[in-house]
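# Observations on chain architecture
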Amino acid sequence: TRKSFPMASPASSASASYLRSYLQEGYVVLREFASPEEVSKLRSRASEIMLAFSSSSSEEDGSAPHVFTTRDNKQSTTSDDYFLSSAHKVSCFLEEDAVDAEGNILVPQIDLAINKIGHAMHDVDPVFREFSRSDKIKQVCRTVGVKNATPVQSMYICKQPRIGGEVKVHQDSTFLATEPTPTCVGLWLALEEAHEKNGCLWVLPKSHNTEIARRFRRRASRGGSGLGEKENDPTGTGPVYFDAPLPDYTLDDFIPVPVQAGDMVLLNGALVHMSYPNTSSSSRHAYSLHVVDGSQTWSADNWLQRPPTTPFEPFEPLE
C-alpha cells in the first residue's frame, strides 16, 4: 500500500520514521511528495524550455552541440565553457547517443535528444524556483538536519527512450563539496514512473557511512587547487578532472529504487548510486535538486562556481 508524504513537523512521528530510514540506509522514498498538478506544471515548463532551445539551436551557426556524459574518459574533456557557465543559468545538454561524430542530430526532433537542463533552474526559472523553495522542500531539509539549507544545483533529467545514457556510479558530494564537512543532500523527484527498464535509480544501501571517494575539481589553470591532478589526470586538457580513480564497487550489491510520478527519493550526498541506460520506449523524466549547509565553505575548486553577481541564495537568512 502506498503511503503519501506526511506534511508534518520535523518532530512528528511520521517525519521521525522517514528520518530513521534516511539515517540508517542513506536514502528514503517519500511517496506522493508532489501532487499531480505540481508534476504537470514542472513538466510543462521543462517542455517550454526544451522547445525554445530547439528553436534557437536551429538558428545557430553550426557550432558543435553540447553533449553531456558521465563516462570517466569523457566527462572531464567534454566539460567546456558552456558547461561551466551553466552554474548560474538554464542550459540544455544533449544525449551522447543522439549526436554523431560530426555533430549531426540522430533523432527526429532536437528536444528528444536532450539529456538534461541545468544547473540553476531553482534560482533562474520562476516555475522551478517556486517548487524548489516550497515549504515542503524546506521541511524535508530541516527534518534531515540540513542547517542553513542552500540550493546549489538543479537538473531536469529526461532519460530519453532508448538513448537515455547510463549515469555512472558516483556520490553527489564528489561534485558538490563543502568544507570542512560534506553536507550535500539530493532531492530526486520522479516526474514519470521510473522502473528498471527505463533507468530508475540504483543505490548501495548504507554506503553513506563511507568517505567521499574522490572529487571532481577545477583544474589549477581554472582556479582550482590542482590536488591529484598530475597523478590522476596527467594528460588531461579539459578544465575539470577527477582527483582519484573510481573505486571498484560490486554492482550486485546495488538495489533498484522504482518509483511513481510524484515520489521523491532523498539521497545523502555520500550515498553511492547510479542508473542504467534507458532501453525502453518510454522516457524517465525527473527533477533533481541539491542543497548544502550554506554556512559551510563552498569548495573553491568545485566545478560549479557562481559569479559574484549571482551568489547562492539560502532558503532563509544564514544563522
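Right, let's walk through the structure included here. (Residues numbered from 1 in each chain as written. Predicted model: local features only at pLDDT ≥ 70, side-chain atom pairs only at ≥ 80, totals over all residues. Heavy atoms only, no water.)

We now examine the pattern of salt bridges. Under the defined criterion, the tally for this structure stands at 19 salt bridges. E316 serves as the salt-bridge partner of K138, at 3.6 Å between the closest nitrogen and oxygen. One end of the pair, K138, is in helix 7 (residues 135-143); the other, E316, is in the segment after strand 16 (297-298), with 178 residues separating them in the sequence. The class for K138 is buried, based on a relative accessible area of 17%. The class of E316 is partly exposed, set by a relative accessible area of 43%. (Salt bridge = Lys/Arg side-chain N within 4 Å of Asp/Glu carboxyl O. Helix = DSSP H or I, 4+ residues; strand = E, 2+ residues; numbered from the N terminus. Buried < 20%, exposed > 50% of the residue type's maximum accessible area, 1.4 Å probe, protein only.)

Which parts of space are left empty comes out when a probe the size of a water molecule is rolled across the atoms. In this structure, the second largest pocket encloses a volume near 320 Å³. Taken together, 18 residues make up the lining of the second largest pocket; nearest its centre are T181, P182, T183, C184 and N268. Each residue belonging to the lining of the second largest pocket can be placed in one class, and the counts come to eight nonpolar, seven polar and three charged. (1 Å grid on protein atoms, 1.4 Å probe; cavity = no way out; pocket = protein on both sides within 12 Å on 5 of 7 lines; lining within 4 Å. Points joined across faces, edges and corners; volume = space filled by probe spheres on them. Nonpolar A, V, L, I, M, F, W, Y, C, P; charged D, E, K, R; others polar.)

This next bit is on the nonpolar core. Counting 40 residues, the largest nonpolar core has Y156 and L189 as its most contacted members. Broken down by element, this core gets its largest block of residues, six residues, from helix 2 (residues 36-57). Ranked by size, the runner-up nonpolar core spans 21 residues in total, among them C200, L204, V259 and A286. (Core = buried A, V, L, I, M, F, W, Y, C linked by side-chain atoms within 4.5 Å.)

The strand order across the open sheet formed by four strands is 6-14-9-12, and the pairing between neighbours is antiparallel. Since the sheet does not close on itself, it has two edges, and those belong to strand 6 (167-170) and strand 12 (255-257), each with one partner. The average undirected angle you get between the axes of adjacent strands in this sheet is 25 degrees. As paired strands, strand 6 and strand 14 (residues 273-275) are joined by two bridges and run antiparallel to one another. When the sheet's bridge partners are listed, V167 is paired in strand 14 with S275. (Pairing = 2+ DSSP bridges. Axes fitted to C-alpha atoms, helices over the stretch in contact; angles between N-to-C directions.)

A separate point is the packing of aromatic side chains. Here the structure, examined in full by the defined rule, presents 13 aromatic pairs. Residues F83 and W303 carry aromatic rings whose centres are separated by 4.3 Å and whose planes lie at 25 degrees to one another, so their mutual orientation is stacked. Taken together, the positions of F83 in helix 4 (residues 81-85) and W303 in the segment after strand 16 put the pair 220 residues apart, joining distant regions of the chain. For the pair shown, F83 and W303 are each scored as buried. Taking the centre distance of 5.4 Å and the plane angle of 90 degrees together, the rings of W202 and Y276 count as edge-to-face. (Phe/Tyr/Trp six-rings, centres within 6.5 Å; stacked < 30°, edge-to-face > 60°.)

Turning our attention to the side chain of S154. Within the secondary structure, S154 is located in strand 5 (residues 149-157). Here S154 falls in the buried class, since its relative accessible area comes to 0%. Contacts of S154, omitting those with residues within four sequence positions, involve I117, G118, H119, A120, M121, H122, Y287, S288 and L289. (Contact = heavy atoms within 4.5 Å.)

Residue H119 is reached from G118 by a cis peptide bond, and omega for that bond is 5 degrees. Along the chain, H119 falls in strand 4 (residues 114-119). In the segment running from E179 into P180, the intervening peptide bond is cis, with an omega of 5 degrees. Topologically, P180 is positioned in the loop between strand 7 (178-179) and strand 8 (185-190). For N148, which is not glycine, the phi dihedral falls at a positive 50 degrees. Within the secondary structure, N148 sits in the loop between helix 7 and strand 5. The buried category is assigned to N148, whose relative accessible area is 12%. Positive phi values are uncommon outside glycine, yet K159 reaches one of about 45 degrees. Checked against the element boundaries, K159 lands in the loop between strand 5 and strand 6. Accessibility expressed as a relative area gives 3% for K159, which makes it buried.

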